[in-house]
4 protein chains.
Amino acid sequence: MTTEPPERVGVWLIGARGSVATTTVAGRAALAAGLHPPTGLVTAGPAFAGAGLPPLEQLVFGGHDTHPTPLPKRAEQLAEAGVLPHGLPLAVADDLARADAEIRPGGPQPDDPRTDEELVSAFAADITAFAAHNGLARTVVVHLASTEPVPAADDPRAPASALYAAAAIEAGCAYVNFTPATGMHAPGLAERAARAGLPHAGRDGKTGQTLLRAALAPMFAQRELAVRAWSGTNLLGGGDGATLADPRAAAAKNAGKARALADNLGDEPEGETHIDHVPALGDWKTAWDHVAFDGFLGTRMVLQTTWQGCDSALAAPLVLDLARLLARAHALGLSGPVPGLGFFFKDPDTPPPGLAEQHRELLALADRLAGRS
Amino acid sequence: MTTEPPERVGVWLIGARGSVATTTVAGRAALAAGLHPPTGLVTAGPAFAGAGLPPLEQLVFGGHDTHPTPLPKRAEQLAEAGVLPHGLPLAVADDLARADAEIRPGGPQPDDPRTDEELVSAFAADITAFAAHNGLARTVVVHLASTEPVPAADDPRAPASALYAAAAIEAGCAYVNFTPATGMHAPGLAERAARAGLPHAGRDGKTGQTLLRAALAPMFAQRELAVRAWSGTNLLGGGDGATLADPRAAAAKNAGKARALADNLGDEPEGETHIDHVPALGDWKTAWDHVAFDGFLGTRMVLQTTWQGCDSALAAPLVLDLARLLARAHALGLSGPVPGLGFFFKDPDTPPPGLAEQHRELLALADRLAGRS
Amino acid sequence: MTTEPPERVGVWLIGARGSVATTTVAGRAALAAGLHPPTGLVTAGPAFAGAGLPPLEQLVFGGHDTHPTPLPKRAEQLAEAGVLPHGLPLAVADDLARADAEIRPGGPQPDDPRTDEELVSAFAADITAFAAHNGLARTVVVHLASTEPVPAADDPRAPASALYAAAAIEAGCAYVNFTPATGMHAPGLAERAARAGLPHAGRDGKTGQTLLRAALAPMFAQRELAVRAWSGTNLLGGGDGATLADPRAAAAKNAGKARALADNLGDEPEGETHIDHVPALGDWKTAWDHVAFDGFLGTRMVLQTTWQGCDSALAAPLVLDLARLLARAHALGLSGPVPGLGFFFKDPDTPPPGLAEQHRELLALADRLAGRS
Amino acid sequence: MTTEPPERVGVWLIGARGSVATTTVAGRAALAAGLHPPTGLVTAGPAFAGAGLPPLEQLVFGGHDTHPTPLPKRAEQLAEAGVLPHGLPLAVADDLARADAEIRPGGPQPDDPRTDEELVSAFAADITAFAAHNGLARTVVVHLASTEPVPAADDPRAPASALYAAAAIEAGCAYVNFTPATGMHAPGLAERAARAGLPHAGRDGKTGQTLLRAALAPMFAQRELAVRAWSGTNLLGGGDGATLADPRAAAAKNAGKARALADNLGDEPEGETHIDHVPALGDWKTAWDHVAFDGFLGTRMVLQTTWQGCDSALAAPLVLDLARLLARAHALGLSGPVPGLGFFFKDPDTPPPGLAEQHRELLALADRLAGRS
């Protein structure tokens with residue numbers, strides 16, 4: 001236990017003016033001000049008391065984004081759409097303005113003349129300046145940009161997410177990939193992060209259909225029920241929905257979804273998973289799943305689920321959780337993929353695949369971060 | 001490892017001509033004959049290899065029932081209703097007839113002049129004769145009778161399920177209560193079982209809605225999502241549906257359901273659970289659940305599930321599992337409530353309440369039965 | 001066609017500070033001011049152009065209620081709950097205040113010493129004074145009070161809804177019963193209305209599950225599919241949910257629901273319909289229906305529906321529709337039950353039961369009101 | 001009314017050994033023998049009494065198919081899969097064998113050297129021989145072959161369905177297209193049928209999701225509710241599912257589905273409709289629909305439906321209905337598209353689009369066929 005004042009910790013968001021980032025910044029402010037209970041924030045649970053995580057009030061936000069709409073305006077748009085509570089944008093206007101002032105343009109833009117190396121250095125310089133300017137003990141870079149298409153095999157340029165991951169390493173930062181983008185999976189990057197003693201975590205936040213599948217699929221395996229087909233359809237509007245209307249982006253997303261099923265069931269069952277862009281739904285998403293399974297003597301049975309959630313509200317608290325956990329891991333000198341974070345991701349770095357087991361591993365990580373194990 | 005021939009083990013079914021019992025007898029025969037893979041049979045999984053469970057072929061069936069329709073006829077009715085595969089009753093006709101020949105009338109009938117003590121002795125004598133006649137090493141009594149109403153506070157007579165449980169003790173048998181009836185919960189019985197060195201397990205098999213709830217409820221708790229209301233409706237026909245149309249029987253069933261939610265969520269949420277008798281559905285049941293929960297910043301979200309299953313096909317393999325596990329526990333000298341069986345029950349003798357944790361405890365029991373721990 | 005300025009028409013709401021009434025008053029103001037398109041307002045459709053209905057701007061609101069919270073405050077509560085758009089209460093504050101000033105206390109209160117006749121006279125005097133004060137050509141009384149229990153057979157007092165219906169007749173007003181309460185069904189009242197040359201309509205607005213059933217049930221009949229069971233569960237919070245938690249109130253509601261099925265299918269199928277009060281859902285309601293039907297050669301099939309709607313937003317436009325239609329019918333001298341309004345009610349005065357046929361009858365009424373037939 | 005013995009009428013099925021055809025032949029036999037009530041058979045309703053439709057017993061089956069498995073064997077497979085009742089194939093074995101003996105190979109096979117004209121003549125000759133051989137008064141050709149891909153714009157060969165339609169004309173037969181294939185829509189064919197005085201009907205039987213949409217979509221329009229998005233997913237196994245896994249075949253199917261929505265709602269809403277091949281489901285199909293709509297003041301609401309049906313059991317009685325109706329229309333000298341049959345089709349020749357209105361038109365046709373109008 002320490003009597004020093006707690007350190008200030010940076011959270012650098014790639015895609016800092018998106019819906020998830022805006023909800024993260026506004027939500028942190030609301031929780032720190034006591035305006036809302038910490039519903040949905042996993043690290044607010046008793047298991048994380050004493051784990052040395054940075055308090056919410058000590059987080060300082062900045063990030064990259066190419067969109068010009070400032071955060072206070074974005075927050076108003078989200079309140080209008082029912083994603084943020086009415087009145088919240090006004091109540092946390094100062095926090096939103098302060099974070100917005102720390103947003104840098106990012107890139108690369110289509111006609112950007114800079115080489116990949118120049119871009120990485122520029123991004124890293126932005127992060128370093130942010131840390132120095134705010135007197136931060138350390139910074140966690142969190143990738144939240146719109147889903148990136150699966151890179152074409154013959155594309156000579158690195159995907160943007162890989163440049164940002166490289167910049168995180170160059171700036172000496174822990175790194176979280178909350179999207180299905182390449183990020184730290186680009187050739188050589190994970191090794192560089194490990195050599196630099198930096199922890200990282202990914203990828204693709206588990207916030208809806210895959211969360212549910214990770215909770216349900218083990219039930220079938222444990223009961224020796226034979227899942228014959230698992231089909232699903234996701235309907236979502238908002239920015240992510242538009243991005244996922246691109247089949248290559250959807251492919252990136254679906255790879256993680258399929259893996260969650262196959263890892264839990266042993267085999268990949270029949271069935272497709274669709275992601276439909278339905279602008280009328282705004283930031284809300286609906287996921288329908290249909291599971292056809294065989295019981296005793298081949299009797300055919302069916303489970304259906306419908307999940308109706310708000311994407312940003314599901315993702316934002318996990319962003320805060322991961323930033324806090326990675327900051328602490330970094331402070332303790334952990335490097336490479338942090339074990340025990342599969343609970344948060346569709347396509348995690350490490351097994352196990354079942355949600356309950358993942359939660360157990362997360363509690364073990366909490367003990368480790370607390371020095372209890 | 002032994003070179004002796006495996007022992008023959010009795011399975012004495014209370015309600016031996018009901019749908020679950022008929023499916024259990026027919027299904028065992030089908031599996032033993034290699035006609036079907038052991039889908040839905042938990043103890044067929046690799047974790048139970050080496051646990052010393054009696055092989056399916058060594059099980060010998062008998063039981064009590066007051067209904068006159070013989071098992072071969074009951075099996076045909078179930079095949080007609082799509083519960084058993086067509087052709088199966090004929091293929092396993094010998095097994096059905098053999099089990100039917102071991103069924104005794106049971107009771108008490110409305111005008112039965114015998115005292116409780118006389119009934120217990122008569123039931124126990126039936127079981128003892130069955131064991132002697134068949135040269136059984138031991139017998140497990142499994143209570144499968146129609147759901148019994150919650151006993152009225154001032155009723156001087158013991159409920160029938162308690163008489164059968166007492167008979168199991170008197171006959172020196174392990175005991176499983178697969179229904180919400182009183183059974184071993186009657187005053188003094190559990191103590192007598194323990195003194196007699198008999199293992200037992202209960203109560204109320206977890207085969208549908210509560211199975212799903214035990215898999216899903218921990219997800220909300222682990223993610224710190226606030227469940228505000230959990231509502232549900234069960235539609236079922238068949239004998240159990242008719243019984244549950246009696247509000248006092250439904251009350252017995254629902255107590256277990258409510259406990260599963262409260263134990264997993266910490267608090268009992270708003271919401272009711274209905275059980276409707278819909279004769280048109282026959283042995284099939286449909287359970288709809290609606291979960292209203294709050295996410296980050298109070299955002300309201302909803303999960304709905306629909307489970308469509310065949311009651312007997314869900315229950316029967318678990319009856320085989322429990323008979324095998326209790327026989328082995330008895331052979332090893334375990335007595336009292338067998339720990340690690342909460343996985344099978346709505347209202348188990350021991351925590352934990354979450355399905356994944358219950359499965360872990362079951363694996364620990366497998367290790368113990370195997371002498372691996 | 002007339003060149004005179006349109007007449008002003010009163011709408012006197014029984015239950016004038018409830019959610020439906022508040023939404024009706026606020027919504028009319030929003031539409032009249034052009035703030036929203038007339039979504040959900042049936043009489044805004046082209047079929048009603050030229051039918052001589054009073055324009056929305058000419059409606060003047062008043063009513064009875066025993067609750068003290070004024071309409072502007074009620075509207076803010078509804079906006080907070082997501083029922084009214086944010087900002088609307090402020091935008092139509094004048095309209096809300098003006099209507100609130102016309103609300104009288106109503107009754108009877110539990111210890112009210114007045115006789116039924118005195119109450120009817122007092123209510124009628126309130127309505128007459130409202131009409132005189134506002135220079136109204138005529139007034140339509142609309143019953144919106146909380147669902148009233150089914151009257152006990154031996155209760156000597158008339159139910160409150162009957163007193164209000166009698167007051168409407170005494171005040172020479174057209175009358176609409178939007179609830180399952182007794183209203184104009186009390187002995188002798190319908191005859192008195194007819195003698196007084198007053199039109200009326202009822203009962204119990206068809207806004208959710210029964211609307212859907214009236215659209216779907218004819219499909220089964222037309223295709224000669226045999227519905228074997230139609231089961232349903234309604235979850236709702238809000239005031240109506242609390243009222244319906246009283247079994248006698250739910251019974252009143254369910255009578256209409258069952259009639260809609262029986263009339264459309266020829267026979268009443270198996271299955272129950274539950275109404276659960278779930279406060280967490282606020283003014284939102286969810287209705288799940290499960291229809292088990294037989295197809296060719298007895299093949300068993302299932303249709304399930306889930307309807308998630310906002311009760312007040314579903315009901316309020318129909319209140320405006322009915323007030324406009326009854327005002328016009330009154331002006332044209334129609335008396336007694338107005339034919340062609342079954343489209344709006346669960347338990348209508350006249351057949352047919354199918355939604356499409358009811359819509360056809362409504363269009364015929366529009367023609368009649370327009371003098372086109 | 002006639003005292004002559006009723007005429008024998010041929011039903012020539014293109015795709016005569018498919019699931020729908022097999023169910024049609026077996027089902028007719030079961031109904032004629034009184035083994036099952038005529039559930040799902042629209043023309044069994046009282047409105048069609050006296051319409052002069054050929055009795056079921058007078059129908060004689062034949063057809064084209066390239067598959068070698070005989071009908072008795074196909075029926076057994078369907079009984080095994082739960083599509084036909086167990087025991088039915090045996091009970092109607094004679095009928096199945098008799099129809100199978102009338103099946104001719106059809107085509108064209110991939111390497112068929114014959115020209116289109118030669119194929120048409122050969123098909124027509126098969127039909128003519130069947131009619132002569134059986135002493136039939138007339139024959140109705142019903143197209144039931146697997147969904148045909150949308151023809152490529154530059155394909156010089158006519159699609160197979162057009163060849164069969166031409167053969168029907170050449171053989172002087174009424175014609176029904178129960179699939180989305182081109183059939184009578186090929187250039188010039190409809191004109192030839194009209195010149196030849198032949199009635200026809202199409203296309204694409206309305207048996208599940210679109211049936212439901214045609215019943216529900218008018219409700220939204222009648223209530224002035226604004227449908228913003230209508231999304232859907234179909235899961236089906238069986239032969240049709242496999243065919244529809246080809247995107248060009250699915251495109252043909254979906255064109256009809258989209259039209260049903262657009263015609264009923266005035267506008268085509270947002271949302272996609274998927275058709276997934278899920279072999280595990282066999283002949284069963286599940287259709288999930290999600291309708292996002294706006295109510296009063298823009299309040300967002302949702303309707304979801306899940307339809308679980310057996311494709312062949314839904315289609316087969318309609319095939320019998322259409323054969324009977326077209327035979328009677330032919331006998332009365334109607335030619336060209338028969339009005340009043342939109343009730344049966346996804347993509348009908350004539351409006352209206354709503355199911356209730358379509359049913360009214362069908363009843364008008366019944367009156368016309370009966371000489372009542």
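Analysis parameters
Residues numbered from 1 in each chain as written. Chains lettered and ligands numbered in written order. Predicted model: local features only at pLDDT ≥ 70, side-chain atom pairs only at ≥ 80, totals over all residues. Heavy atoms only, no water. Helix = DSSP H or I, 4+ residues; strand = E, 2+ residues; numbered from the N terminus. Rg over C-alpha atoms; globule rule 2.2 N^0.38 Å. Areas by Shrake-Rupley, 256 points an atom, 1.4 Å probe, with all protein chains shown as cover. Domains from an automatic or database assignment. Contact = heavy atoms within 4.5 Å. Buried area = accessible area lost by both parts, 1.4 Å probe. Salt bridge = Lys/Arg side-chain N within 4 Å of Asp/Glu carboxyl O. Polar contact = N/O pair within 3.5 Å; in protein donor to acceptor, adjacent residues only side chain to side chain. Nonpolar A, V, L, I, M, F, W, Y, C, P; charged D, E, K, R; others polar. Phe/Tyr/Trp six-rings, centres within 6.5 Å; stacked < 30°, edge-to-face > 60°. Buried < 20%, exposed > 50% of the residue type's maximum accessible area, 1.4 Å probe, protein only. Lys NZ or Arg CZ within 6 Å of the ring centre and 35° of its normal. Pairing = 2+ DSSP bridges. Axes fitted to C-alpha atoms, helices over the stretch in contact; angles between N-to-C directions. Least-squares fit on C-alpha atoms with pLDDT ≥ 70 in both. Arc of directions from axis to C-beta. pLDDT = per-residue confidence, 0-100.

A look at the overall build of chain A
Summing up its helical and strand segments, chain A has twelve helices and eleven strands in all. Over its C-alpha trace chain A gives a radius of gyration of 20 Å, about what one expects of a compact globule, namely 21 Å for 373 residues. Referenced to the eigenvectors of the C-alpha coordinate spread, the extents of chain A come out at roughly 70 × 50 × 45 Å. Accessible surface, chain A as shown: approximately 13,200 Å² in total, 54% of it carbon and sulfur.

Some points on the domain arrangement of chain A
All names here are of chain A. Structurally, chain A comprises domain 1 (9–205 + 313–369) and domain 2 (209–310). Distance from the C-alpha centre of domain 1 to the C-alpha centre of domain 2: 26 Å. Contacts between the two partners involve 21 residues from domain 1 and, on the opposite side, 26 residues from domain 2. Across the domain 1 to domain 2 interface the summed buried area is about 1,900 Å²; carbon plus sulfur atoms make up 59%. Summed over the shared surface of domain 1 and domain 2, the number is one salt bridge. Close ionic contact of Asp347 with Arg259 constitutes a salt bridge, the shortest N to O distance being 2.5 Å. For the pair domain 1 and domain 2, the interface holds seven residue pairs in polar contact (both at pLDDT 80 or more). Classifying every residue of the side of domain 1 that touches domain 2 by side-chain character gives twelve nonpolar, five polar and four charged.

Re the packing of aromatic side chains
This structure, assessed with the given rule, holds 26 aromatic pairs over all chains. Considering the side-chain rings of Trp288 of chain A and Trp288 of chain D, the 5.1 Å spacing of their centres and the 10° angle between planes classify their relative orientation as stacked. Of the two residues, Trp288 of chain A is situated in strand E9 (residues 284–294) and Trp288 of chain D in strand E9 (residues 284–294); the pairing between them involves two chains. Take Trp288 of chain A and Trp288 of chain D: they sit in the same class, and that class is buried. When the ring of Trp307 of chain A is compared with that of Phe293 of chain B, the centres are 5.3 Å apart and the planes differ by 40°; the resulting orientation is tilted. One end of the pair, Trp307 of chain A, is in strand E10 (residues 300–310); the other, Phe293 of chain B, is in strand E9 (residues 284–294), on a second chain. The pair Trp307 of chain A / Phe293 of chain B is uniform in exposure class, with both members buried. Joined through ring pairs, the aromatic side chains of Phe220, Trp230 and Phe293 of chain A together with Trp307 of chain B make up one cluster. In this structure, Arg223 of chain B packs its charged tip against the face of Phe343 of chain A, placed 4.8 Å from the ring centre.

With respect to the sheet that holds strand E5 (residues 174–177) of chain D
Residues and elements named next belong to chain D. Spatial ordering of the open sheet is given by E3-E2-E1-E4-E5-E6-E11, a layout of seven strands whose pairing is parallel. Lying at the two open borders of the sheet, with one neighbouring strand each, are strand E3 (103–104) and strand E11 (336–337). Here strand E1 (residues 9–14) pairs with strand E2 (residues 59–64) via six bridges, running parallel. In the strand pairing of E2, Ile14 is matched with His64. Lying on the sheet, helix H5 (residues 116–134) is in contact with E1, E2, E3 and strand E4 (138–143); it crosses E2 at an angle near 155°.

As for the pairing of strand E7 (residues 226–236) of chain B
Residue and element names in this part refer to chain B. The element E7 is largely enclosed, with a buried count of nine among its eleven residues. Of the strand pairs in this sheet, E7 and E9 are connected by ten bridges, and their pairing is antiparallel. Among the inter-strand pairings, Ser231 is bridged to a residue of E9, identified as His290. Relative to strand E8 (residues 273–277), E7 is paired through five bridges, and the arrangement is parallel. Bridge assignment links Gly232 to a residue of E8, and that residue is Thr273.

Topic: the relation of the copies chain D and chain A
Laying chain D over chain A is done by rotating through 180° and shifting 0.0 Å along the axis; what remains is an RMSD of 0.0 Å. What we have between these two chains is a two-fold relation. Within chain D, Thr233 of chain D has its C-alpha nearest the rotation axis, a separation of 3.6 Å. A shared interface surface links the copies, since 100% of the contact residues of chain D are contact residues in chain A too.

Digging into the sheet that holds strand E2 (residues 59–64) of chain B
All names here are of chain B. Read across the sheet, seven strands follow the order E3-E2-E1-E4-E5-E6-E11 without closing on themselves; strand pairing throughout is parallel. Two strands in the sheet have a free side with no partner beyond their single neighbour: strand E3 (103–104) and strand E11 (336–337). Along the sheet face, helix H11 (residues 311–331) touches strand E1 (9–14), E2, strand E4 (138–143), strand E5 (174–177) and strand E6 (199–202) and points at about 140° away from the line of E4.

Details of the relation of the copies chain C and chain D
Note on the copies: chain C fits chain D at an RMSD of 0.0 Å, the axial shift is 0.0 Å, and the rotation between them is 180°. Mapped onto chain D, 100% of the interface residues of chain C again fall at the interface, so both copies present the same surface.

Considerations on the interface of chain C and chain D
By a frequent convention, interface size equals the accessible area lost on bringing the separate parts together. Contacts between chain C and chain D engage 59 residues on the former and 60 residues on the latter. Where chain C abuts chain D, roughly 4,600 Å² becomes buried across the two surfaces, and 67% of that area is made up of carbon and sulfur atoms. Taken as a group, Arg223, Phe296 and Leu297 of chain C account for 21% of the area that chain C buries against chain D, more than any other trio of residues on that side. Counting the contacts that link chain C with chain D gives zero salt bridges. At the junction of chain C and chain D, the tally comes to ten residue pairs in polar contact (both at pLDDT 80 or more). Elements with a contribution of two residues or more to the side of chain C that touches chain D: helix H1 (19–32), helix H8 (209–222), strand E9 (284–294), strand E10 (300–310), helix H11 (311–331) and helix H12 (355–369) of chain C. Tallying contributions element by element places E10 of chain C first for the side of chain C that touches chain D, with eleven residues.

Concerning the interface of chain D and chain A
With 24 residues of chain D in contact, the opposing surface of chain A contributes 24 residues. Summing both partners gives a buried area of about 1,900 Å² for chain D against chain A, and 55% of it is carried by carbon and sulfur. Summed over the three residues of chain D that lose the most area to chain A, namely Glu270, Ala280 and Trp288 of chain D, the buried surface amounts to 26% of that side. Every element with two or more residues in the side of chain D that touches chain A is listed here: strand E7 (226–236), strand E8 (273–277), E9 and strand E10 (300–310) of chain D.

What about the pattern of salt bridges?
Applying the stated rule across the entire model yields 56 salt bridges over all chains. The shortest N-O distance in the salt bridge between Asp347 of chain B and Arg203 of chain B comes to 3.2 Å. Taken together, the positions of Asp347 of chain B in the loop between E11 and helix H12 (355–369) and Arg203 of chain B in the loop between E6 and helix H8 (209–222) put the pair 144 residues apart, joining distant regions of the chain. As far as burial versus exposure is concerned, Asp347 of chain B and Arg203 of chain B are alike and both buried. A salt bridge links Asp294 of chain D to Arg228 of chain D, with the shortest nitrogen-to-oxygen separation between them at 3.7 Å. Here Arg228 of chain D lies in strand E7 and Asp294 of chain D lies in strand E9, a separation of 66 residues in the sequence. On the basis of relative accessible area, Arg228 of chain D is assigned to the partly exposed category, the value being 30%. If you follow the salt bridges from partner to partner, you end up with Arg203, Arg259, Asp263 and Asp347 of chain A in one network.

With respect to helix H2 (residues 71–80) of chain C
For the α-helix, the turn length of 3.6 residues means that residues three or four positions removed from each other point alike. Residue and element names in this part refer to chain C. By the burial criterion, the buried members of H2 are Leu71, Arg74, Ala75, Leu78 and Ala79. Relative to the axis of H2, the buried residues are bounded by an arc of 140° and lie together on one face. Contact partners of the buried residues in H2: H1, helix H3 (88–91), helix H4 (93–100) and strand E3 (103–104).

Brief notes about the confidence of the model for chain A
Parts of the model with low pLDDT should not have their predicted coordinates read in detail. Of the residues in chain A, 98% have a pLDDT of 70 or more, and the chain-wide mean is 93. For this predicted complex, the interface confidence comes out at an ipTM of 0.95, alongside a pTM of 0.96.

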